[in-house]
Amino acid sequence: MTDDWSHRKNPAALMFGTVLDASPDALLAIAADGSITMANAAAGRMFGYASGDLAGRDHRTLLAEGFRGEVAQLLARLLAGPREHLPPREIYGVRRDGTEFPAEAAGSLVPGSDDVVPAVPLLLLSVRGTSHRQDADADLREAMSLLTATLESTADGILVMSSAGHVAGFNDQFLSMWGIPPELMAGDSEEPVMELVMAQIADPVAFTARLAELADSPSAESHDVVDLTDGRTFERYSRPQRVGNDVVGRVWSFRDVTPRRKAQEQAHQAMVDLAAQAEKLRTMAFQDPLTGLANRAVFNDALAGSVEEPRLKTVDVLLLDLDDFKEVNDILGHQAGDEMLIEVSRRLRGCAPTADVVARLGGDEFVVLLTACPDADAIAECIVRCLNVPVTIQGTVLRPSLSLGLASMARDNVGASELLRQADIAMYAAKAAGKNRFLRFHPDMMTALVQRTYMEGGLQLAVARSEISVDFQPIVSHRRDQVVTFEALARWDCDGTRVPPSVFIPLAERTGLINEIGAEVMARGMAELAPWLSRDPSRSLAVNVSGVQLQDPDFAQTVLGLAEAKGVAAYQLVLEVTESVFFDADCTLIKQLSTLRDAGARVALDDFGTGYSSLGRLQDLPVDTVKIDRTFVSMVHTGNERLPILSSMINMAHSLGLTVTAEGVETAAQADYLTALECDTLQGYLFSLPQPGPRLEQALQHAEEALNALKGR
């Protein structure tokens, strides 16, 4: 205790000083002139002075500038009303080293007596530091700021209601979602807010009942869906608000899920439409969709039944293939090719009206099954002669030509597959003999098999002999009015003759040579297209990939290494696979595609729509793009057709986040029709035939001209 009282020997004074020193607050006795007459030990510690240094100092030296008049004001208030209780004053003190600190000060008058204190009352000033309190307040303000920012940044509307049914809190999103004016929330009653909300509820009875259930179970949580009269849908969550173990209210969270619900509904409707179309296609499973003839399955069943029927003395199989049909497609387009196939089918029916089955096996290959026919050779000759009659297609006069092989089961007990094999051998013999004729099978024709073996041997050396080349066909975006992708197509020139891909690709897959040929096509495609790709990172190269290639566990790494070596970014690669790839139980195939996608490459599902069993699994497949098969595109003739299967395919793919490419676009009407359905990209002879690398500029120019012509329509 530093004052004159501490020197007095009066026991009461000594005890009074001891009590003051025991106080944790700084205590200062201040005379009327502002000087300090007494200070306890806490005051010395607070202001940084040694014991005895405070007595006699002006108290104002202990206060920061701006607060030095506070004590005088306090003294004046106490003298004016001694019994008035005055709250503490916020001040800033100054330590001996000049640093300032926050504090609060309170005071009282010390009663005077002649022998203890001066006649003029002293002011006993109590000072308490508040630095710790400000730190706590700052933490609280920071926590509240964080909570407020969190509530306002969420996309959910938040409402907090007390147990008494009063609004305890909300965020701006809640007001926005329900269209509630802020001033309405500031009212004394919650009824106007409730009326506004209930007016928007599609089923207010159920809404109210749910509120009642939760009111009866304060500790329950809830999650349900609320439909609004304007078509929106909210997910509603709620949970009790607790303080300790007590439930003091309920927190409501509202989330607008309207876009998600509509997307789900659209996807569901697309799946329903597609399922209906798939069901329709299943009913046509035994009919060729282009020609109306029976298909392979019908023929196989009929042939198997015929060779096992003991009452039948003869069974004849007439297998025919159009000569040079690929040239019709290449020169006039697939539309003309389809028209020719339809005309061939019509003539076949006329030539064999008593045939058990007239079927299209696929492509330009047909078959006729005759049982108990007295003269199969005459019918075969009629077919060759009738089909060779000229026909006008798209203003061009064409003379169909075919090679026909005839095999018969008479006395020899030949199985169905062997009979068809013999007809196939005879057909290839007819082609080798000059085409446009029929030949009946005889054992010497087995030499045709040797020819196939020779082709396989040639394919073994095709890459080493540099006989494999690549043609490129553009894929265009009508939105960007430019070519965005080139598809690399394998070509084989064997001994100066171009072997159709439909011939050597299946052979390569069957023999395993597709791995070597596929790698060669990919390497050549990247090398030749790299300059074009480098000019625009949004451009891409599409390459067909066989399921046989994907069985190689190193396939993905090989592709990525090849792309890096050729200077092609992985994200510029599109790998086209058929739906049959995903039927394989081998998980390696899916793993290879997933590895490539993780690196940035995209996967396109080729011939989409032909593998019906995979349509329902589309959302589970690791693909980015679907390519609608030309079979469906060819359904568009005038552009005025109603083809829900096309729109369903495109809508379903888009609802799953996939892009769509249409193959086989050959007419402006088809391009306009697909563009109207929001098909993303188009590919076909309308834009360009497949061209070798040196003719890329011509392909680009042709595609650009086609796009400009479409814009001018």
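Just so it is clear, the model here is predicted, and its values are computed rather than measured.

Q: Is there a simple way to explain the overall build of the chain in this structure?
A: Helices and strands together make up the secondary structure of the chain, namely 24 helices and 28 strands. Going through the 713 residues of the chain one by one, you find that 46% of them count as buried. Of the contacts formed within the chain by residues at least 6 apart in sequence, a portion of 59% connects residues at least 24 apart. Carbon and sulfur atoms provide 54% of the accessible area of the chain, an area that totals close to 35,600 Å².

Q: So what exactly am I meant to see when it comes to the pattern of salt bridges here?
A: A side chain with one charge can pair with a side chain of the opposite charge if their charged atoms come near. In this structure the tally under the stated criterion is 32 salt bridges. Between R498 and D471 there is a salt bridge, with its nearest N and O atoms 3.4 Å apart. Within this pair, whereas R498 is found in strand β21 (residues 497-499), its partner D471 is found in strand β19 (residues 468-477), the two being separated by 27 residues in sequence. Of the residues examined, R498 reaches a relative accessible area of 39% and is grouped as partly exposed. A salt bridge links E520 to R524, with the nearest nitrogen and oxygen atoms 2.6 Å apart. Taken together, the positions of E520 and R524, both in helix α17 (residues 514-534) and 4 residues apart, correspond to about one turn of that helix. Classification of R524 by relative accessible area gives partly exposed; the value is 25%. Connected via shared salt-bridge partners are R210, E213, D224 and R236.

Q: How should the side chain of N40 be read in this particular structure?
A: Within the secondary structure, N40 is located in the loop between β3 (36-39) and α2 (41-47). Its relative accessible area of 3% is what places N40 among the buried residues.

Q: Is there a simple way to explain the environment of A423 in this structure?
A: Along the chain, the position of A423 falls in helix α14 (residues 416-432). For A423 and V367, which are 56 residues apart along the polypeptide, the C-alpha to C-alpha distance reads 9.4 Å.

Q: Would you mind showing me how to read the sheet that holds strand β13 (residues 357-362) here?
A: Think of a sheet as strands paired side by side through backbone hydrogen bonds, with each pair either parallel or antiparallel. Spatial strand order, β13-β14-β12-β17-β18: 5 strands in an open sheet with mixed pairing. Looking at the sheet topology across the chains shown, the edges are occupied by β13 and β18 (437-440). Adjacent strand axes in the sheet meet at a mean angle of 20 degrees, parallel and antiparallel pairs treated alike. Seen against the sheet, helix α12 (residues 334-351) touches β12 (315-322), β13 and β14 (365-371) and runs at an angle of roughly 10 degrees to β14.

Q: Would you explain the layout of surface pockets in this entry?
A: The method is simple in principle: a probe with the dimensions of a water molecule rolls over the atoms, and the space it marks as empty is what remains. Of the volumes computed, that of the second largest pocket is approximately 620 Å³. The wall of the second largest pocket is formed by 26 residues, among which M161, G165, L211, R250 and W252 lie closest to the centre. Of all the elements in the fold, those that place two or more residues in the lining of the second largest pocket are β7 (157-162), α5 (172-178), α7 (191-198), α8 (204-216) and β11 (246-256). Looking at the lining of the second largest pocket element by element, the count peaks at 5 residues for β11.

Q: When you look at the side chain of S546 in this model, what are you seeing that I'm missing?
A: By the element assignment, S546 lies in the loop between β22 (540-544) and α18 (547-550). Residue classification places S546 among the buried positions, given a relative accessible area of 8%. Within polar-contact distance, the side chain of S546 engages the backbone nitrogen of V548 at 3.0 Å. Residues in contact with S546, not counting those within four places in the same chain, are E509 and I514.

Q: Please explain the packing of helix α19 (residues 555-566) against helix α20 (residues 587-598) as it appears in this structure.
A: Helix packing for two helices is described by the angle between their axes and how far apart those axes are. Between α19 and α20, the least distance of the axes is 8 Å, while the angle of their chain directions is 30 degrees. Our classification of the angle between α19 and α20 gives roughly parallel. α20 is crossed by α19, and the crossing has right-handed handedness. When α19 is examined against α20, the residues F555, A556, Q557, V559 and L560 are found in contact with a partner set consisting of Q592, T595 and L596.

Q: Is there a simple way to explain the pairing of strand β17 (residues 402-409) in this structure?
A: For a regular strand, side chains alternate in direction, first toward one face of the sheet and then toward the other. Across the 8 residues of β17, 7 count as buried, placing the element largely inside the fold. Pairing of β12 with β17, which is carried by 8 bridges, proceeds in the antiparallel orientation. Bridging from a neighbouring strand, V317 pairs with A407 of β17. Sheet topology note: the β17/β18 ladder contains 4 bridges and is parallel.

Q: Teacher, can you tell me more about the packing of helix α11 (residues 325-332) against α12 here?
A: Relative to each other, α11 and α12 sit at 140 degrees, their axes nearing to 6 Å. With respect to their mutual orientation, α11 and α12 come out oblique. Residues F325, V328, N329 and L332 of α11 touch α12, and the partners they reach there are H334, A336, G337, M340 and L341. Residue composition of the contact of α11 with α12, by class: 6 nonpolar, 3 polar and no charged.

Q: Which parts of the structure should I look at to understand helix α13 (residues 376-387)?
A: Along an α-helix, residues three or four apart share an orientation, since each turn contains 3.6 residues. An ideal rise of 1.5 Å per residue puts 16 Å on 12 residues; α13 measures up with 17 Å between its terminal C-alpha atoms. Of the residues making up α13, those classed as buried are A376, I379, A380, C382, I383, V384 and L387. Where α13 is buried, its residues touch β12, α12, β14, β17 and β18.

Q: Sorry, what's going on with unusual backbone geometry here?
A: Trans is the prevailing form of peptide bonds, just as negative phi is the prevailing case for residues other than glycine. Positioned with a positive phi, K435 is a non-glycine residue whose angle comes to about 70 degrees. Positionally, K435 belongs in the loop between α14 and β18. Under the relative-accessibility criterion, K435 is labelled partly exposed at 28%. Not every positive phi belongs to a glycine, and E678 is a case in point at roughly 70 degrees.

Q: Got a minute to help me understand the pairing of strand β5 (residues 100-110) in this structure?
A: As paired strands, strand β4 (residues 89-94) and β5 are joined by 6 bridges and run antiparallel to one another. In the strand pairing of β5, G93 is matched with F101. Linking β4 to β5, which pair antiparallel, is a turn of 5 residues; within it G98 sits at a positive phi near 95 degrees. Where β5 and strand β6 (residues 122-129) come together, 8 bridges link them in antiparallel fashion. Its bridge partner lying in β6, G107 is registered against L125.

Thresholds applied
Residues numbered from 1 in each chain as written. Predicted model: local features only at pLDDT ≥ 70, side-chain atom pairs only at ≥ 80, totals over all residues. Heavy atoms only, no water. Helix = DSSP H or I, 4+ residues; strand = E, 2+ residues; numbered from the N terminus. Buried < 20%, exposed > 50% of the residue type's maximum accessible area, 1.4 Å probe, protein only. Contact = heavy atoms within 4.5 Å. Areas by Shrake-Rupley, 256 points an atom, 1.4 Å probe, with all protein chains shown as cover. Salt bridge = Lys/Arg side-chain N within 4 Å of Asp/Glu carboxyl O. Pairing = 2+ DSSP bridges. Axes fitted to C-alpha atoms, helices over the stretch in contact; angles between N-to-C directions. 1 Å grid on protein atoms, 1.4 Å probe; cavity = no way out; pocket = protein on both sides within 12 Å on 5 of 7 lines; lining within 4 Å. Points joined across faces, edges and corners; volume = space filled by probe spheres on them. Polar contact = N/O pair within 3.5 Å; in protein donor to acceptor, adjacent residues only side chain to side chain. Parallel < 35°, antiparallel > 145°, perpendicular 65-115°, else oblique. Left-handed = near helix turned anticlockwise from the far one by under 90°. Nonpolar A, V, L, I, M, F, W, Y, C, P; charged D, E, K, R; others polar. Expected span 1.5 Å × (residues − 1).

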